[in-house]
Amino acid sequence: MMSCKRCWLVLAICIIALCLIAAIFFWVSRSNCEKVVYGNMEKINYIPTIKASPADGETVNLLSGGIYAVASAYEKGIAEQYCTREDSYAPESVEVTWTCEEGATGYTFIVSQSEDLKDATSVELQDTSVVLADLLAGTTYYYQIQAQYTDRVVHSKVFHFVTAQLPRTISVPRVSNTRDIGGYITEDGKYRVRQGMVYRGGTLDYASKESRQKMLNVYHIRTDLDLRKKLSVSPLGEDVNFISVDCPYYSNHGKGIDAPMYRAALATAIRSFADPDNYPIYVHCEIGRDRTGTIVFLINSLLGVSKQDLLLDYELSFMSEAGCRDGQTPATMMDAYITEMIDYINYYDFSFNDEGKDTKTFAEKTESFLLDIGITEEEIQAIRTILLEEVK
């Protein structure tokens, strides 16, 4: 008798559980269906009438050609075979297209980095396509199309695509070798360097009005960190914070990070990344490879980016006109200069365990070097807090 009661109890629990699962499934599926709005009345289209591309969940590459070949299969010195001595890595845009029932009088396109479309950007359109430019790398974008008819508005399901986890380049007319230093995953896999915070590149001296406006209005540059000690005012205008220092580059050649005479200037440049009011920052020298490459190397190394990605970020300069302007080759610079600087940091500080193995990470050794040139622990923590985000 008790066994029979237990069977009925188990059966009842199973039925309730199945009902709950069905209700949840129905709610989830309904929430991602088309919604049709007739004035104050709504209904759901379980068979979609709006279809869109890129395909839902598709991974989209923002790089192409030689720069894609270098970034997607990186090994030291690979830029040699793709180096064209011209700017060849302008980012690709993403074109979103859609089809729907005939008779629509217009569309609203909504895009966000949140699935619930929080903090979304929207645009009114007459065409069934929109071009999305200056996207972040390694990021999921969610979008929805709202088609307006004379008697109703059809809200599509929320589509999404993912941009590939590759370096993020940017395109600024008459300014060469430009890219975001963010997007790299730290070696422990826990964090990613924030994008849209620090951009690197060549000189702004010859930037056109269009270029200056793009730097200010698209990338929202607030600080011009010029590593040449050449100008007194930023080409971006007097409203931009201008930090100008004669910075060292590489190591062991008289003007490197190991030279005591340049350490104060190096500390000034590094310290500028500890102030949240400075962001976004554009850091540059003349061609954006040597002094700029050194500063970016130290910042990303401090943040915990792997040596492989540090090398990749440096070598990408050879995919630009400015980065090749002095005739240096990737092979020469990678072997003689960057490797030398890696060795300098690598042998800068040691901590051995009982087995005689060095237990300090490359990031910790970089931190030791920066502490020795006058950067404080508080400033180092501030740089990490500002520039690192958790990988979700």
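Before reading further, recall that the structure is shown in the block above.
Residues numbered from 1 in each chain as written. Predicted model: local features only at pLDDT ≥ 70, side-chain atom pairs only at ≥ 80, totals over all residues. Heavy atoms only, no water.

Caption draft 1: Region of interest: the environment of Phe369. By the secondary structure assignment, Phe369 is in helix 8 (residues 362-372). A residue is classified by how much of its surface remains accessible, and Phe369, at 0% relative accessible area, is buried. Between the C-alpha atoms of Phe369 and Glu80, which are 289 residues apart in sequence, the distance is 31 Å. For Phe369, the contacting residues outside a window of four places in its chain are Ile257, Arg263, Leu266, Leu298, Tyr344, Ile345 and Tyr348. (Helix = DSSP H or I, 4+ residues; strand = E, 2+ residues; numbered from the N terminus. Buried < 20%, exposed > 50% of the residue type's maximum accessible area, 1.4 Å probe, protein only. Contact = heavy atoms within 4.5 Å.)

Caption draft 2: Region of interest: the sheet that holds strand 5 (residues 94-99). Strands sit in the order 3-5-8 across an open sheet of 3 strands; the sheet is antiparallel. Sheet topology places strand 3 (51-53) and strand 8 (129-132) at the edges, where each strand pairs with a single neighbour. Averaged over all neighbouring strand pairs, the angle between strand axes comes to 15°, with direction disregarded. Where strand 5 lies against strand 8, 4 bridges are found, and the strand directions are antiparallel. Each residue of the ladder has a partner; that of Val94, found in strand 8, is Leu132. (Pairing = 2+ DSSP bridges. Axes fitted to C-alpha atoms, helices over the stretch in contact; angles between N-to-C directions.)

Caption draft 3: Layout of the packing of aromatic side chains. For the structure on display, the rule yields 15 aromatic pairs. With a centroid separation of 5.4 Å and 25° between ring planes, the pair formed by Tyr143 and Phe159 is classed as stacked. Of the two residues, Tyr143 sits in strand 9 (residues 140-148) while Phe159 sits in strand 11 (residues 159-163), which places them 16 residues apart along the sequence. Considered together, Tyr143 and Phe159 belong to a single accessibility category, that of buried residues. Here the aromatic rings of Tyr250 and Tyr314 are separated by 6.1 Å at their centres, their planes lie at 75°, and the arrangement is edge-to-face. Of this pair, Tyr250 sits in the loop between strand 16 (241-244) and helix 4 (263-271) while Tyr314 is found in helix 6 (residues 307-315), placing the two residues 64 residues apart along the sequence. Given a relative accessible area of 1%, Tyr250 falls into the buried group. Among the aromatic side chains, those forming a connected cluster through ring pairs are Trp98, Tyr107, Phe109, Tyr141, Tyr143, Phe159 and Phe161. Its end group placed over the ring of Tyr149, Arg152 keeps NZ or CZ at 4.0 Å from the ring centre. (Phe/Tyr/Trp six-rings, centres within 6.5 Å; stacked < 30°, edge-to-face > 60°. Lys NZ or Arg CZ within 6 Å of the ring centre and 35° of its normal.)

Distances and angles like these do not, on their own, reveal function.
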